[in-house]
Amino acid sequence: MTLNSIGLDTKKTEKLAEELNQLLANFQLYYQNLRGIHWNIKGRGFFDLHVKFEELYTDTNVKVDEIAERILTLGATPLHTFDDYTKAAKVPVGKNISKDEKAVQLIVDSLSQLLEMERSILEMAGDANDEGTNSMMSDFITEQEKTVWMMKAWLGETV
């Protein structure tokens, strides 16, 4: 086993970086979805949802940077083109969504997909003894689970 300069197995960190790049690509698509629904939302819930969607895309932009920096920390290069992002897409793409329920459902669907990827990365990070990635994924998961619960409550649904 070969260790890198931060003490992690290089083969395991290469695989982790690949998975983090997939997550990065999907976060970028999620970010674009949030920008779109922020711009295009209409109806009685406009004022509340417009602000909420801005809060979410601002937070997502921070997460994108954190994921990219983690990929660099593991010795890899973050994906950075829209072509790369669309090829890796698993989150649904929201186009021309202006109805409140469709917008909130898009968030729930996107976060559910991101959570699935993050849980897989969390497991891999544990196996690699990569506490940095593990901690990041744990924080993301905790926050996103709460957001899913809140969005589902807004939709009048349970988790």
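Just above, that's the structure.
Residues numbered from 1 in each chain as written. Predicted model: local features only at pLDDT ≥ 70, side-chain atom pairs only at ≥ 80, totals over all residues. Heavy atoms only, no water.

Before going further, it helps to spend a moment on the overall build of the protein chain. Looking only at helices and strands, the protein chain features five helices and zero strands. When the elements of the protein chain are put in sequence order from the N terminus, they spell out α-α-α-α-α. When the backbone C-alpha atoms are referred to their principal axes, the protein chain occupies close to 60 × 30 × 20 Å. Considering the protein chain as a whole, with its 159 residues, one finds that 42% of them fall into the buried category. (Helix = DSSP H or I, 4+ residues; strand = E, 2+ residues; numbered from the N terminus. Buried < 20%, exposed > 50% of the residue type's maximum accessible area, 1.4 Å probe, protein only.)

The next subject is the packing of helix H2 (residues 46-73) against helix H5 (residues 131-154). Where H2 meets H5, the closest approach of the two axes is 12 Å, and the angle between their N-to-C directions is 165°. On the basis of their axis angle, the class for H2 and H5 is roughly antiparallel. In terms of crossing hand, the pair formed by H2 and H5 is left-handed. Between H2 and H5, the residues in contact are Leu49, Lys52, Leu56, Asp59, Lys63, Glu66, Ile67 and Arg70 and Gly132, Thr133, Met136, Phe140, Glu143, Gln144, Thr147, Met151 and Trp154, respectively. Taken together, the residues that form the contact of H2 with H5 break down as seven nonpolar, four polar and six charged. (Axes fitted to C-alpha atoms, helices over the stretch in contact; angles between N-to-C directions. Parallel < 35°, antiparallel > 145°, perpendicular 65-115°, else oblique. Left-handed = near helix turned anticlockwise from the far one by under 90°. Contact = heavy atoms within 4.5 Å. Nonpolar A, V, L, I, M, F, W, Y, C, P; charged D, E, K, R; others polar.)

The next point concerns helix H1 (residues 10-40). Helix length check: H1 (31 residues) gives 45 Å between terminal C-alpha atoms against 45 Å at 1.5 Å per residue, within 8%. At the N-terminal end of H1, a side-chain oxygen is found 2.8 Å from the backbone nitrogen of Lys11, two or three residues along, and the residue is Asp9. (Expected span 1.5 Å × (residues − 1). Polar contact = N/O pair within 3.5 Å; in protein donor to acceptor, adjacent residues only side chain to side chain.)

Right, let's get into the side chain of Thr147. In this fold, Thr147 is placed in helix H5. Apart from the residues within four sequence positions on either side, Thr147 is in contact with Leu56 and Leu111.

Attention now goes to the packing of aromatic side chains. The full count for this structure, using the stated rule, is five aromatic pairs. Residues Phe46 and Phe47 carry aromatic rings whose centres are separated by 5.2 Å and whose planes lie at 80° to one another, so their mutual orientation is edge-to-face. Counting every residue linked through ring pairs, the aromatic cluster contains Phe27, Tyr30 and Phe140. It is Lys63 that lies over the ring of Phe140; its NZ or CZ is 5.2 Å from the centre. (Phe/Tyr/Trp six-rings, centres within 6.5 Å; stacked < 30°, edge-to-face > 60°. Lys NZ or Arg CZ within 6 Å of the ring centre and 35° of its normal.)

Our next topic: the side chain of Thr133. In this structure, Thr133 sits in helix H5. Of the residues examined, Thr133 reaches a relative accessible area of 0% and is grouped as buried. Side chain to side chain, Thr133 and Asp130 meet in a polar contact 2.6 Å long. Once you skip the residues sitting within four places of it in the chain, Thr133 turns out to touch Leu16, Leu20, Arg70, Leu74, Ile121 and Ala125.

Now for unusual backbone geometry. Excluding glycine, a negative phi dihedral is what most residues carry, and trans is how most peptide bonds are arranged. Phi at Asn96 takes a positive value of approximately 55°, unusual for a residue other than glycine. Looking at the secondary structure, you find Asn96 in the loop between helix H3 (82-87) and helix H4 (100-127). Backbone geometry places Asn129, a non-glycine residue, at a positive phi of 60°. A relative accessible area of 65% means that Asn129 is categorised as exposed.

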